[in-house]
Amino acid sequence: MAKITVDKKKCIGCGACASICPSSFEMKDGKSVAKKAKVAKITCEREAMDSCPVGAIKIEE
Ligand code: F3S
């Protein structure tokens, strides 16, 4: 299991995570939220994390 978190204070709402990985991220009120607190397997989440311009996404394995 991997824990997915988005730092709301860091997120500038660019939306890259939600378009790269819509299964795990969605935009709410201009900020990204993790749809699931935990995922069984990392798929597109890592790419979303790497694509975030402000490093707001954290994956803990
Ligand atoms: Fe926010 Fe980064 Fe996603 S700025 S919308 S967490 S790509």
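Here is what the cut-offs are and how they apply
- Residues numbered from 1 in each chain as written.
- Predicted model: local features only at pLDDT ≥ 70, side-chain atom pairs only at ≥ 80, totals over all residues.
- Heavy atoms only, no water.
- Pairing = 2+ DSSP bridges.
- Helix = DSSP H or I, 4+ residues; strand = E, 2+ residues; numbered from the N terminus.
- Near = heavy atom within 4 Å.
- 1 Å grid on protein atoms, 1.4 Å probe; cavity = no way out; pocket = protein on both sides within 12 Å on 5 of 7 lines; lining within 4 Å.
- Sits in = over half its atoms within 2 Å of the grid points.
- Nonpolar A, V, L, I, M, F, W, Y, C, P; charged D, E, K, R; others polar.
- Buried < 20%, exposed > 50% of the residue type's maximum accessible area, 1.4 Å probe, protein only.
- Contact = heavy atoms within 4.5 Å.
- Disulfide = S-S within 2.5 Å.

Chemist: Which parts of the structure should I look at to understand the sheet that holds strand β5 (residues 57-60)?
Modeler: What links the strands of a sheet is backbone hydrogen bonding, and the strands pair in either a parallel or an antiparallel sense. Strand order in the open sheet made by the three strands is β4-β1-β5, with antiparallel pairing throughout. In the strand order of this sheet, the two ends are held by β4 (38-39) and β5, each with one partner. Sheet topology note: the strand β1 (residues 2-6)/β5 ladder contains four bridges and is antiparallel. Pairing of K3 across the sheet is with E60, part of β5.

Chemist: Please explain the site of the ligand as it appears in this structure.
Modeler: Residues in close proximity to the ligand total 13 residues, the closest being C11, I12, G15, C17 and C52. In a pocket analysis with a 2 Å cut-off to the grid points, the ligand is assigned to the largest cavity. Its residues placed into classes, the shell around the ligand shows 10 nonpolar, three polar and no charged.

Chemist: Explain the environment of A16 here, please?
Modeler: Turning to its location among the elements, A16 is positioned in helix α1 (residues 16-20). Placed 28 residues apart in sequence, A16 and C44 show a C-alpha to C-alpha distance of 12 Å.

Chemist: What is the right way to look at the side chain of S24 in this model?
Modeler: Along the polypeptide, S24 turns up in the loop between α1 and β2 (25-28). Residue S24 is classed as buried on the basis of its relative accessible area of 1%. Contact partners of S24, with chain neighbours within four places excluded, come to V33, A34, K35, K36, V39 and E45.

Chemist: What am I meant to see in the state of the cysteines here?
Modeler: Joining two cysteines, a disulfide is a covalent bond between their sulfur atoms. All told, the structure shown has one disulfide when counted by the stated rule. Disulfide partner of C21: C44, at an S-S distance of 2.0 Å. Between C21 and C44, the disulfide has an S-S torsion of 55° and is therefore right-handed. One end of the pair, C21, is in the loop between α1 and β2; the other, C44, is in the loop between β4 and α2 (45-51), with 23 residues separating them in the sequence. C44 carries the same exposure label as C21, and that label is buried.

Keep in mind these values describe shape, not function.
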